[in-house]
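As a plain string of letters, each chain reads:
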Amino acid sequence: MDTSRKAYYLTQRKPGSEVSAEIAAALAASSIVFRKIDGKYSKALLIRAKLVFDFANNHRGSYNDSIGAGACPFYCDFNGYMDELIWGAAWLHKASNDQNYWNFVKSNILSLESTSNGGSFSEFGWDSKNAGINVLVSEGVMNNPSNENPFVPNANNLICSLLPNSPTKSVTYSKGGLLFKVGSSNLQHATSLSFLLIVYARYMQANNKVVQCGNVIAKPSDLTNLAKSQVDYILGNNPLGMSYMVGYGQKYPQKIHHRGSTLPSIDVNPNHMGCRDGDKYFQSSEPNINELIGAIVGGPADDDSFQDSRYNVSQSEPTTYINAPFVGVLAYFK
Ligand SMILES: *[C@@H]1O[C@H](CO)[C@@H](O)[C@H](O)[C@H]1NC(C)=O
Ligand SMILES: *[C@@H]1O[C@H](CO)[C@@H](O)[C@H](O)[C@H]1NC(C)=O
């Protein structure tokens, strides 16, 4: 590939706190994973997480502004970077037990809550971390009334916005049972919210809690059953009998919107291809030449129909932010 694949970096003068703080969160979380299997590596991850967090926090700014069109219009940081800073601090607190990070979370969460677009308890994805923060922090404060606000009430509100029989449900369900939320690539919501349902159910179980949604009482098993129904739908238990994971099951998407899957390999076609030379493969009515095994696509419409067309990007495009949370969900059910 010789079309431009320009890479970007951040500096003190051109910062991107949302990206840096998200990296700090990932490093801190990884340090927990490696603690028992490789102590030295785990420590290195934690030290680096702290440095990256300081960089994000001391040099505040949005990657929107620092790298411009390289990130936005496709992946604009719509809701600001305070949620990522709190998310980074919450993971650092979990990884290090350092009170400074807890103080950061406590003293900033209310300012996040009060902003019009930052405080949405039901959002969790590549932009907004709010619901993730509330669920993550709830683990440590569920039986601690002086610290539970606003995390546990917000996480409970999230659960009540999802459960099909909740009076405050704000998502919808298709006839076939798939969760739908406003915005494109709907399976990103079904996978990431299923992940949060499972995590929260485990914290509820450990603390002997239920969630009260009006007069409906939700037990941990109600949350995991809902997540299971989403997994089963995604893997083929749906009106079309279609698995939305490429290569899994009898019937799965054949024309996904993905360059490497659509174009012939350089082994098959060693000649130079110019930028538009791929159009004929894109426009072809044939299945993709290469199967991107394991990729989950954006998924069906809310009437359970699916076009399997490269032109229908929000249905046929696979993304890391659909697959990544699904790995956690599958690991749980395995
Ligand atoms: C990033 O750009 C988008 C689109 O213009 C805008 O809505 C958003 O407020 C910007 N975010 C920040 C943190 O400046
Ligand atoms: C994708 O499919 C949905 C549902 O069938 C349809 O509403 C939408 O218009 C399609 N989008 C494109 C770009 O074809």
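Rules used in this analysis
- Residues numbered from 1 in each chain as written.
- Chains lettered and ligands numbered in written order.
- Predicted model: local features only at pLDDT ≥ 70, side-chain atom pairs only at ≥ 80, totals over all residues.
- Heavy atoms only, no water.
- Phe/Tyr/Trp six-rings, centres within 6.5 Å; stacked < 30°, edge-to-face > 60°.
- Helix = DSSP H or I, 4+ residues; strand = E, 2+ residues; numbered from the N terminus.
- Buried < 20%, exposed > 50% of the residue type's maximum accessible area, 1.4 Å probe, protein only.
- Axes fitted to C-alpha atoms, helices over the stretch in contact; angles between N-to-C directions.
- Parallel < 35°, antiparallel > 145°, perpendicular 65-115°, else oblique.
- Left-handed = near helix turned anticlockwise from the far one by under 90°.
- Contact = heavy atoms within 4.5 Å.
- Nonpolar A, V, L, I, M, F, W, Y, C, P; charged D, E, K, R; others polar.
- Near = heavy atom within 4 Å.
- Polar contact = N/O pair within 3.5 Å; in protein donor to acceptor, adjacent residues only side chain to side chain.
- Disulfide = S-S within 2.5 Å.
- UniProt positions renumbered as here; feature names shortened; annotations may be inferred.
- Salt bridge = Lys/Arg side-chain N within 4 Å of Asp/Glu carboxyl O.

What follows concerns the packing of aromatic side chains. A complete count under the given rule lists 13 aromatic pairs for this structure. With centroids separated by 6.2 Å and ring planes inclined at 75°, the aromatic side chains of tyrosine 75 and tyrosine 321 adopt a geometry described as edge-to-face. Here tyrosine 75 is found in the loop between α3 (63-67) and α4 (82-96), whereas its partner tyrosine 321 is found in helix α13 (residues 320-333), with 246 residues between them in sequence. Given a relative accessible area of 34%, tyrosine 75 falls into the partly exposed group.

Relative to each other, α4 and helix α6 (residues 130-141) sit at 20°, their axes nearing to 10 Å. Looking at the two axes, α4 sits roughly parallel to α6. Note on packing geometry: the crossing formed by α4 with α6 is left-handed. In this structure, α4 uses Asp83, Ile86, Trp87, Ala90, Trp91 and Lys94 to contact α6, whose residues at the interface are Asn130, Gly132, Ile133, Leu136, Val137 and Glu139. Per-class residue counts for the contact of α4 with α6 are seven nonpolar, two polar and three charged.

Take the site of ligand 2 next. Around ligand 2, the surrounding shell consists of Ala301, Ser305, Gln307, Tyr311, Asn312 and Gln315. Between glutamine 307 and ligand 2, the recorded distance is 3.5 Å, taken from a side-chain N or O atom to an oxygen atom. Separating an oxygen atom of ligand 2 from a side-chain N or O atom of asparagine 312 is a distance of 2.3 Å.

Another aspect to go through is the side chain of histidine 93. Secondary-structure assignment places histidine 93 in helix α4. Excluding residues within four positions of it along the chain, histidine 93 makes contact with Asp98, Gln99, Tyr101 and Trp102.

On to the state of the cysteines, then. Applying the stated rule across the entire model yields two disulfides. Two residues share a disulfide in this structure: cysteine 72 and cysteine 76, whose sulfurs sit 1.9 Å from each other. What sets the handedness of the cysteine 72 and cysteine 76 disulfide is the S-S torsion sign, and at about 100° it is right-handed. By relative accessible area, which is 22% here, cysteine 72 ends up partly exposed. On the accessibility criterion, cysteine 76 (8% relative accessible area) is buried. At a sulfur-sulfur separation of 2.1 Å, the disulfide partner of cysteine 160 is cysteine 213.

It is worth spelling out unusual backbone geometry at this point. For the bond from cysteine 72 to proline 73, the omega torsion is 25°, close enough to zero to count as cis. The amide bond that connects asparagine 149 to the next residue, proline 150, takes the cis arrangement and shows omega of -5°. With respect to the secondary-structure elements, proline 150 resides in the loop between α6 and α7 (151-162). Phi angles above zero are rare outside glycine, and asparagine 208 is one such case at about 60°. Tracing the sequence through the fold places asparagine 208 in the loop between α8 (187-207) and β3 (211-213). Phi is positive for aspartate 304, close to 70°, though the residue is something other than glycine. On the basis of relative accessibility, which here comes to 6%, the residue aspartate 304 falls in the buried class.

The UniProt record marks His257 with the feature "active site" (unreviewed entry), using the residue numbering of this structure. Topologically, histidine 257 is positioned in the loop between α9 (220-234) and α10 (259-262). Residue classification places histidine 257 among the partly exposed residues on the basis of a relative accessible area of 24%. Ignoring anything within four residues of it in the chain, the contact list for histidine 257 reads Phe282, Arg310, Val313, Ser316, Glu317 and Pro318.

Between side chains of opposite charge, a pair can form as their charged atoms come close. For the coordinates displayed, the defined rule picks out seven salt bridges. Two residues, glutamate 22 and lysine 129, come together in a salt bridge whose shortest N-O distance is 3.0 Å. Pair noted here: glutamate 22 is in helix α1 (residues 17-34) and lysine 129 is in the loop between α5 (99-114) and α6, with a separation of 107 residues, a long-range link. Judged by its relative accessible area of 26%, glutamate 22 falls in the partly exposed class. Owing to a relative accessible area of 3%, lysine 129 belongs among the buried residues under this scheme.

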